[in-house]
Amino acid sequence: ELQFVESGGGLVQAGGSLRLSCAVSGSSFDDRSIGWIRRAPGKEHEGVACIDSRDGATYYADSVKGRFSISKDSTRTMMYLQMNSLKPEDTAVYYCASGDFSGSYFLTTNEFDEWGQGTQVSVSS
């Protein structure tokens, strides 16, 4: 199974940028999509961005589209989430996650096969 270790979170002013990193290890024979989810205080988990291994397509939540970008490095051992134009509502714990479902479904589900420990992102006004 895949394992994830997230890093790169921190405190940033609104309008600033952060790049989250996720170290990916292990392997998965049934997890189709990998990406990022987040949980804001008092809210349910929300799918942020993902990559569907079926075709390599990327998917983004409407709330982050145009501001966030998901990518993997050439070694396929690191996954990133570049976050620009951050807003206070982006404040959350961000997790890498994976599951055996489509990229579009990744954005809607709260159930994943694996996920990491998370990294805190705090955006001040």
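This text follows the structure it describes.
Presented here is an overview of the structure given in this document. (Residues numbered from 1 in each chain as written. Predicted model: local features only at pLDDT ≥ 70, side-chain atom pairs only at ≥ 80, totals over all residues. Heavy atoms only, no water.)

Bringing the packing of aromatic side chains into the picture now. Under the counting rule described, the total for this entry stands at five aromatic pairs. Following the ring pairs from residue to residue traces out a cluster consisting of Phe 101, Tyr 105, Phe 106 and Phe 112. (Phe/Tyr/Trp six-rings, centres within 6.5 Å; stacked < 30°, edge-to-face > 60°.)

Attention shifts here to the layout of surface pockets. Looking at the largest pocket, its volume works out to about 210 Å³. Around the largest pocket, the lining comprises twelve residues; the ones closest to its centre are Leu 2, Val 24, Ile 34, Lys 72 and Arg 76. The set of elements that each furnish at least two residues to the lining of the largest pocket consists of strand 3 (18-26) and strand 8 (78-83). Partitioned by chemical class, the residues of the lining of the largest pocket number six nonpolar, two polar and four charged. (1 Å grid on protein atoms, 1.4 Å probe; cavity = no way out; pocket = protein on both sides within 12 Å on 5 of 7 lines; lining within 4 Å. Points joined across faces, edges and corners; volume = space filled by probe spheres on them. Helix = DSSP H or I, 4+ residues; strand = E, 2+ residues; numbered from the N terminus. Nonpolar A, V, L, I, M, F, W, Y, C, P; charged D, E, K, R; others polar.)

The subject of this paragraph is the sheet that holds strand 3. Read from one edge to the other, the open sheet built from four strands follows the order 1-3-8-7, with strand pairing classed as antiparallel. Strands at the two margins of the open sheet, each flanked by one partner only, are strand 1 (2-7) and strand 7 (68-72). Adjacent strand axes in the sheet meet at a mean angle of 20°, parallel and antiparallel pairs treated alike. (Pairing = 2+ DSSP bridges. Axes fitted to C-alpha atoms, helices over the stretch in contact; angles between N-to-C directions.)

Further remarks concern the state of the cysteines. Counted under the stated rule, the structure contains one disulfide. Across the disulfide, Cys 22 is cross-linked to Cys 96 (sulfur-sulfur distance 2.2 Å). Of the two residues, Cys 22 is situated in strand 3 and Cys 96 in strand 9 (residues 92-99); the sequence distance between them amounts to 74 residues. By relative accessible area, Cys 22 is classed as buried at 0%. Note on Cys 96: relative accessible area 0%, which makes it buried. In this structure Cys 50 is not part of a disulfide, and its nearest cysteine sulfur, from Cys 96, lies 12 Å away. (Disulfide = S-S within 2.5 Å. Buried < 20%, exposed > 50% of the residue type's maximum accessible area, 1.4 Å probe, protein only.)

In this section: the nonpolar core. Looking at soluble globular proteins, one finds that nonpolar side chains tend to be buried together. One finds Trp 36, Leu 81, Met 83 and Tyr 94 to be the most contacted residues of the largest nonpolar core, which totals 27 residues. Those elements that place two or more of their residues in this core are strand 1, strand 3, strand 4 (33-39), strand 5 (45-52), strand 7, strand 8, strand 9 and strand 11 (119-124). Of the residues forming this core, the biggest block, four residues, is contributed by strand 3. If we skip the residues at most four places from it in the chain, Leu 81 touches Leu 18, Arg 19, Leu 20, Trp 36, Val 48, Ala 49, Phe 68, Ser 69, Ile 70 and Tyr 94. (Core = buried A, V, L, I, M, F, W, Y, C linked by side-chain atoms within 4.5 Å. Contact = heavy atoms within 4.5 Å.)

Everything listed here is a matter of coordinates, which is why it stays silent on function.
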